2 protein chains.
Amino acid sequence: MAKIPAEAVERLHSQGYKLTKPRQAILAWFFAEQTMITAQELYRALVQRKAGVGLTSVYRNLEVLVEVGLLRQVCFHDGCQRFELVQPGEHQHHLICSGCGRVIKFSGCPLAKLERDLETTTGFTVDRHSLQIFGRCRQCQEESTLGNRSI
Amino acid sequence: MAKIPAEAVERLHSQGYKLTKPRQAILAWFFAEQTMITAQELYRALVQRKAGVGLTSVYRNLEVLVEVGLLRQVCFHDGCQRFELVQPGEHQHHLICSGCGRVIKFSGCPLAKLERDLETTTGFTVDRHSLQIFGRCRQCQEESTLGNRSI
DNA sequence: ACCTAACTGAAAGTCATTTTCAGTTAGGTT
DNA sequence: AACCTAACTGAAAATGACTTTCAGTTAGGT
Ligand SMILES: [Mn+2]
Ligand SMILES: [Mn+2]
Ligand SMILES: [Zn+2]
Ligand SMILES: [Zn+2]
């Protein structure tokens, strides 16, 4: 089975979590594939790899891995939850094609000043944000014309 | 039953939709409350008001009202879908307290330039984005300094 | 008044996710 | 190495949001 970076194992142990076989298989998948996936898709992928991991453990461990900060959960607009590796020091968002689902990561998030302003005007303490930009990739642009509505 | 703005009724009719009793009750709720709500919560609210609207119709009509542009669907980070009125000409986002769920709307979204840049660098056509900022409101910040609370 | 496509609620179905529970294991202690 | 035990596991059952089905109803145009 693939090797998991010592830093990730350390992160688990330091919060009282063990490096179990399911945990190892799930982390190995993310380190190998470097992409986003849903719980159900991940379960099917692990079955194919004969990793011997139950669906229950997939759900439980995705939750744990988000909690310790190794993964992040992204809510797509259709309500479907996807998970991906948190790269150390990264700050990225997604540009998503509504036609084919293609995902492009980008950095250069211009929200820092807005967040500082909101903290002073509202008294909130800001600790994270969720941003996705939706559109149509070049291939999908001919197909349809959707209205321009933002959230 | 509360009056629905003619502009909204016109919007429905122009797309072949009728102003039915469930549709009217749902729109009336949104125009009266001016806030976000999930399908299930809205169903319970309408039951309380004795509006005589079935759960199926709540789901069906929220979908229709989003389609004609009277409502918008917002995916919270926990995956729960909420709906709210689209105010004409607005462009707002939400600052959400992770502690108590309090929601503050804000405008002044700084994403226009980013979107223009992304269009030129990726070839995508951008048509909408989803942004929510999460933190803790003043009340919930105090609570967390009070230490553990009893159940 | 009549017509009919749009619409309705109840019930059944789907499906992602959670809970339960009896047994297993990682990894620290002796 | 043997031991201990809280963390952990998978199977099965439960939950809960949402969708589909369907036989009957209604909005609204002619
Ligand atoms: Mn950002
Ligand atoms: Mn915006
Ligand atoms: Zn595309
Ligand atoms: Zn709060």
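Calculation criteria
- Residues numbered from 1 in each chain as written.
- Chains lettered and ligands numbered in written order.
- Predicted model: local features only at pLDDT ≥ 70, side-chain atom pairs only at ≥ 80, totals over all residues.
- Heavy atoms only, no water.
- Donors = N, O, S within 2.8 Å, 3.2 Å for Na, K, Ca; no water.
- Helix = DSSP H or I, 4+ residues; strand = E, 2+ residues; numbered from the N terminus.
- Buried < 20%, exposed > 50% of the residue type's maximum accessible area, 1.4 Å probe, protein only.
- Domains from an automatic or database assignment.
- Contact = heavy atoms within 4.5 Å.
- Buried area = accessible area lost by both parts, 1.4 Å probe.
- Salt bridge = Lys/Arg side-chain N within 4 Å of Asp/Glu carboxyl O.
- Polar contact = N/O pair within 3.5 Å; in protein donor to acceptor, adjacent residues only side chain to side chain.
- Nonpolar A, V, L, I, M, F, W, Y, C, P; charged D, E, K, R; others polar.
- Axes fitted to C-alpha atoms, helices over the stretch in contact; angles between N-to-C directions.
- Parallel < 35°, antiparallel > 145°, perpendicular 65-115°, else oblique.
- Near = heavy atom within 4 Å.
- Pairing = 2+ DSSP bridges.
- Least-squares fit on C-alpha atoms with pLDDT ≥ 70 in both.
- pLDDT = per-residue confidence, 0-100.

## Considerations on the coordination of the manganese ion (ligand 1)
Residues and elements named next belong to chain A.
For step 1, the next point in the chain: The protein atoms that coordinate the manganese ion (ligand 1) are H91 (NE2), H93 (NE2), C109 (SG) and H129 (NE2), at distances of 1.9 to 2.2 Å.
For step 2, the next point in the chain: For the manganese ion (ligand 1), all donor residues lie on one chain, and their spacing in sequence is H-x1-H-x15-C-x19-H. Of this pair, H93 sits in strand β3 (residues 93-97) while C109 sits in the loop between β4 (103-106) and α5 (112-122), and the two are 16 residues apart along the sequence.
For step 3, the next point in the chain: A relative accessible area of 6% means that H93 is categorised as buried.

## Regarding the domain arrangement of chain A
Residues and elements named next belong to chain A.
For step 1, the next point in the chain: Here the domain parsing of chain A yields domain 1 (1-88) and domain 2 (90-151).
For step 2, the next point in the chain: Each partner contributes residues to the interface: domain 1 has twelve residues there, and domain 2 has eight residues.
For step 3, the next point in the chain: Note on domain 1 versus domain 2: buried area summed over both sides is about 800 Å², and carbon and sulfur give 53% of it.
For step 4, the next point in the chain: For the interface between domain 1 and domain 2, the tally reads two salt bridges.
For step 5, the next point in the chain: Taking the shortest distance from any N to any O, the salt bridge between E90 and R72 comes out at 2.7 Å.
For step 6, the next point in the chain: For the interface between domain 1 and domain 2, the tally reads four residue pairs in polar contact (both at pLDDT 80 or more).
For step 7, the next point in the chain: Broken down by secondary-structure element, the contributors of at least two residues to the side of domain 1 that touches domain 2 are β1 (71-75) and β2 (81-85).
For step 8, the next point in the chain: Among the elements that take part in the side of domain 1 that touches domain 2, β1 stands out by supplying three residues, more than any other.
For step 9, the next point in the chain: Here the side of domain 1 that touches domain 2 is composed, by residue class, of seven nonpolar, three polar and two charged.

## Comments concerning the packing of helix α2 (residues 21-33) of chain A against helix α3 (residues 39-48) of chain A
Residues and elements named next belong to chain A.
For step 1, the next point in the chain: Axis separation between α2 and α3 bottoms out at 11 Å; the angle between their running directions is 100°. The orientation of α2 relative to α3 falls into the category roughly perpendicular. Where α2 abuts α3, its residues A25, I26, W29 and F30 lie against L42, A45 and L46.
For step 2, the next point in the chain: Looking at the contact of α2 with α3 residue by residue, the classes come out as seven nonpolar, no polar and no charged.

## Brief notes about the protein's contact with DNA strand D
For step 1, the next point in the chain: Taken together, 21 residues surround DNA strand D, and among them A:T20, A:R23, A:S57, B:H13 and B:Y59 come closest.
For step 2, the next point in the chain: Sugar and phosphate atoms form 63% of the subset of DNA strand D atoms that lie within 4 Å of the protein.
For step 3, the next point in the chain: The side chain of A:R60 places a nitrogen or oxygen atom 2.8 Å from a base nitrogen of DNA strand D.
For step 4, the next point in the chain: Note that a phosphate oxygen of DNA strand D is positioned 2.7 Å from one of the side-chain N or O atoms of B:Y59.
For step 5, the next point in the chain: For the surface near DNA strand D, the elements supplying multiple residues, two or more each, are α2 and α4 (55-67) of chain A together with α4 (55-67) of chain B.
For step 6, the next point in the chain: By residue number, the principal contributor to the surface near DNA strand D is α4(A), which donates four residues.
For step 7, the next point in the chain: Classifying every residue of the surface near DNA strand D gives five nonpolar, eleven polar and five charged.

## Here we look at the pairing of strand β2 (residues 81-85) of chain B
Residues and elements named next belong to chain B.
For step 1, the next point in the chain: The buried fraction of β2 amounts to five of the five residues, a majority that puts the element mostly inside the structure.
For step 2, the next point in the chain: Strand direction decides the pairing type here: strand β1 (residues 71-75) and β2, joined by five bridges, are antiparallel. Of the residues in β2, the one forming a bridge with L71 is L85.

## Comments concerning the relation of the copies chain B and chain A
For step 1, the next point in the chain: In screw terms, the move from chain B to chain A is a rotation of 179° and a rise of 0.0 Å along the axis, fitting with an RMSD of 0.4 Å. Considering both components of the superposition, the chain copies are consistent with a two-fold axis. Looking at the rotation axis and the C-alpha trace of chain B, the residue lying nearest is B:L131, at 2.1 Å.
For step 2, the next point in the chain: Interface overlap between copies: 83% of the residues of chain B at the interface are likewise at the interface in chain A, consistent with a symmetric, same-surface contact.

## Observations concerning the protein's contact with DNA strand C
For step 1, the next point in the chain: Within the structure, DNA strand C sits among 22 residues, and A:H13, A:Y59, B:T20, B:R23 and B:S57 are positioned closest to it.
For step 2, the next point in the chain: Restricting the count to atoms of DNA strand C within 4 Å of the protein gives a sugar and phosphate share of 62%.
For step 3, the next point in the chain: B:K18 is positioned with one of its backbone polar atoms (N or O) 2.8 Å from a phosphate oxygen of DNA strand C.
For step 4, the next point in the chain: Between B:N61 and DNA strand C, the recorded distance is 3.5 Å, taken from a side-chain N or O atom to a phosphate oxygen.
For step 5, the next point in the chain: When residues of the surface near DNA strand C are traced back to their parent elements, those giving at least two are α3 and α4 of chain A together with α2 (21-33) and α4 of chain B.
For step 6, the next point in the chain: By residue class, the composition of the surface near DNA strand C is seven nonpolar, ten polar and five charged.

## Points about the confidence of the model for chain A
For step 1, the next point in the chain: Within chain A, residue pLDDT values average 89, and 92% of them lie at 70 or more.
For step 2, the next point in the chain: Long-range and interchain partners of residues 145-151 of chain A, a stretch whose pLDDT sits below 50, account for 23 contacts in this model, where long-range means more than four residues apart.

## Some details on the pairing of strand β3 (residues 93-97) of chain B
All names here are of chain B.
For step 1, the next point in the chain: Among the five residues of β3, five are classified as buried, and the element is accordingly described as predominantly covered.
For step 2, the next point in the chain: Neither face of β3 is exposed, since H93, L95 and C97 on one face and H94 and I96 on the opposite face are all buried.
For step 3, the next point in the chain: Between β3 and strand β4 (residues 103-106), which follow one another and run antiparallel, lie five residues, and G101 among them has a positive phi close to 85°.
For step 4, the next point in the chain: Pairing of β3 with strand β5 (residues 125-136) involves four bridges; the strand directions are parallel. Counted as the bridge partner of H94 is Q132 from β5.

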